[in-house]
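# Reading the structure
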Amino acid sequence: MTTATAEFLTVPEVMARLKLGRTKVYDLIRTKRLASITEGRARRIPESSLQAYVRARMEEAA
């Protein structure tokens, strides 16, 4: 999947999917564990970045 066709999620959508709070999601972004882009004041997280984060966490847990 390329970024040109990637689906982008908002922070609240990522919060809901991961069942995490706003502060934790922004912490993941700040520490570069979850990639994101900004356009003006809007922050968007590529779906592929969220999937990569979940895969990495699953591998850590195994």
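Structural notes, computed from the coordinates. Computed from a predicted model, the values in this text were never measured in an experiment. (Residues numbered from 1 in each chain as written. Predicted model: local features only at pLDDT ≥ 70, side-chain atom pairs only at ≥ 80, totals over all residues. Heavy atoms only, no water.)

Taken together, 3 strands build an open sheet; the order of strands is E1-E3-E2 and the sheet is antiparallel. Looking at the sheet topology across the chains shown, the edges are occupied by strand E1 (8–9) and strand E2 (37–39). Note: E2 against strand E3 (residues 42–46), 3 bridges, orientation antiparallel. Pairing of Thr38 across the sheet is with Arg43, part of E3. Relative to the sheet, helix H3 (residues 47–61) contacts E1 and E3, its axis offset from that of E3 by approximately 60°. (Pairing = 2+ DSSP bridges. Helix = DSSP H or I, 4+ residues; strand = E, 2+ residues; numbered from the N terminus. Contact = heavy atoms within 4.5 Å. Axes fitted to C-alpha atoms, helices over the stretch in contact; angles between N-to-C directions.)

What follows concerns the pattern of salt bridges. This model, assessed by the stated rule, comprises 5 salt bridges. Of the charged contacts, one joins Glu60 and Arg33 as a salt bridge, the two residues approaching to 3.9 Å between their closest N and O atoms. Taken together, the positions of Glu60 in helix H3 and Arg33 in the loop between helix H2 (22–30) and E2 put the pair 27 residues apart, joining distant regions of the chain. For the salt bridge of Glu60 with Arg57, the shortest nitrogen-to-oxygen distance reads 2.6 Å. Of this pair, Glu60 and Arg57 are both found in helix H3, 3 residues apart, which corresponds to roughly one turn of the helix. Salt bridges sharing partners connect three or more residues here, namely Lys24, Asp27 and Arg30. (Salt bridge = Lys/Arg side-chain N within 4 Å of Asp/Glu carboxyl O.)

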